[in-house]
Amino acid sequence: MYKRILLKISGEQLSGQHESGLDPEIAKWLANEVKQVTDSGTQVVIMVGGGNYVRGAQIAGHGIKRVTADQMGMLGTMMNALAVTDIFEEQGLPTRCLTNIFAEQVAEPFIHRLAEKHLERGRVVIVGGGSGRPYVTTDTAAVVLALEIDCDVVIKTTKVDGVYDSDPVQNPDANKFDSLTHQQAVENEQIKVMDKAAMGLAMEQDMSIVICCLEPSGNIAKVASGETVGTTIS
Ligand code: UDP
């Protein structure tokens, strides 16, 4: 069983069936998934994405600078973090939202020791604002955060149940990898499941990554308990 996990949830996953924005039913469902993990004694830190609102690289242009576009993206992650925190608490899961951008009126600043305190007290910590810096995504921010607060593993949930040698949605003959080395994940052009920058940092710092599906219920708890689910990159 892992002592502390970093869960990376994308904005797209939080939007569920909606085209954009956040589906509260998904967040409620996620609260129950995370509760299974915390009930068994594993601490949970969540980095939320913001792709359901803005992806900087996609909206930059037409007068909007890339830096500004990325800042808009980070604000999108904040909106997700705030909403998910409230919904988790409403579901009976003690949760705190910390922010990596200056936003004192809406959330506590991310301070390593403060995050530790919340985790030691049995609270889930949700971090908004990505890394606070442009030109990276929340995948990279997730790996940095996991290293910063000493998580045992980064779990990135996706639509499919792991890493394949080609897109399994388009190619029915695609083969799934049960495990990969960081080196293989970085070098293989077909593997796009996580940013190469995030993967490179994980390789350099020897941080394990598990890519798995959010569903069925209990999947995240299985990973947290050490069961082999999805694809492990280590
Ligand atoms: N972003 C950023 N720095 C960070 C994290 C995120 O600039 O450290 C911006 C970037 O524009 C990114 C957007 O916020 O595209 C939303 O994050 P991401 O694309 O990772 O969201 P996801 O695809 O996981 O929902």
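The structure displayed is predicted, hence computed values, not measured ones.

About the cut-offs
- Residues numbered from 1 in each chain as written.
- Predicted model: local features only at pLDDT ≥ 70, side-chain atom pairs only at ≥ 80, totals over all residues.
- Heavy atoms only, no water.
- Pairing = 2+ DSSP bridges.
- Helix = DSSP H or I, 4+ residues; strand = E, 2+ residues; numbered from the N terminus.
- Contact = heavy atoms within 4.5 Å.
- Axes fitted to C-alpha atoms, helices over the stretch in contact; angles between N-to-C directions.
- Salt bridge = Lys/Arg side-chain N within 4 Å of Asp/Glu carboxyl O.
- Buried < 20%, exposed > 50% of the residue type's maximum accessible area, 1.4 Å probe, protein only.
- Expected span 1.5 Å × (residues − 1).
- Polar contact = N/O pair within 3.5 Å; in protein donor to acceptor, adjacent residues only side chain to side chain.

Describe the sheet that holds strand β2 (residues 43-48), and please don't skip the residues or the numbers.
If you walk across this open sheet you meet the nine strands as β4-β3-β5-β2-β1-β6-β10-β11-β9, and the pairing is mixed. Two strands close off the open sheet at either side, each with one partner strand: β4 (108-109) and β9 (179-180). In this structure, strand β1 (residues 4-9) lies alongside β2, joined through six bridges in parallel fashion. Looking across to β2, one finds that I9 is bridged to V48. Each of β2, β3 (95-99) and β5 (124-128) is contacted by helix α4 (residues 66-90), which is oriented at about 165 degrees to β3, the strand it contacts most.

Which residues make up the pattern of salt bridges, and what values do they have?
Scanning the model with the defined rule gives ten salt bridges in all. The salt bridge partner of D139 is K8, with a shortest N-O separation of 2.9 Å. Residue D139 is found in helix α6 (residues 138-148), and its partner K8 is found in strand β1; the two are separated by 131 residues along the sequence. In this pair, the class of D139 matches that of K8, namely buried. R96 is paired through a salt bridge with E89; the nearest N and O atoms lie 3.4 Å apart. When its relative accessible area of 24% is taken as the criterion, R96 is described as partly exposed.

Explain helix α2 (residues 24-39) to me, and be specific about the residues and the numbers.
With 16 residues, α2 should reach 22 Å at 1.5 Å per residue; the first-to-last C-alpha distance of 22 Å fits that figure. A27, L30, A31, E33, V34 and V37 are the residues of α2 that are buried. Structurally, α2 contributes buried residues whose contacts are with β1, α1 (11-15), β2, α4, β5 and α9 (219-224). Sitting at the head of α2, D23 places a side-chain oxygen 2.9 Å from the backbone nitrogen of E25. Looking at the residues trailing α2, positive phi occurs at G41, about 100 degrees.

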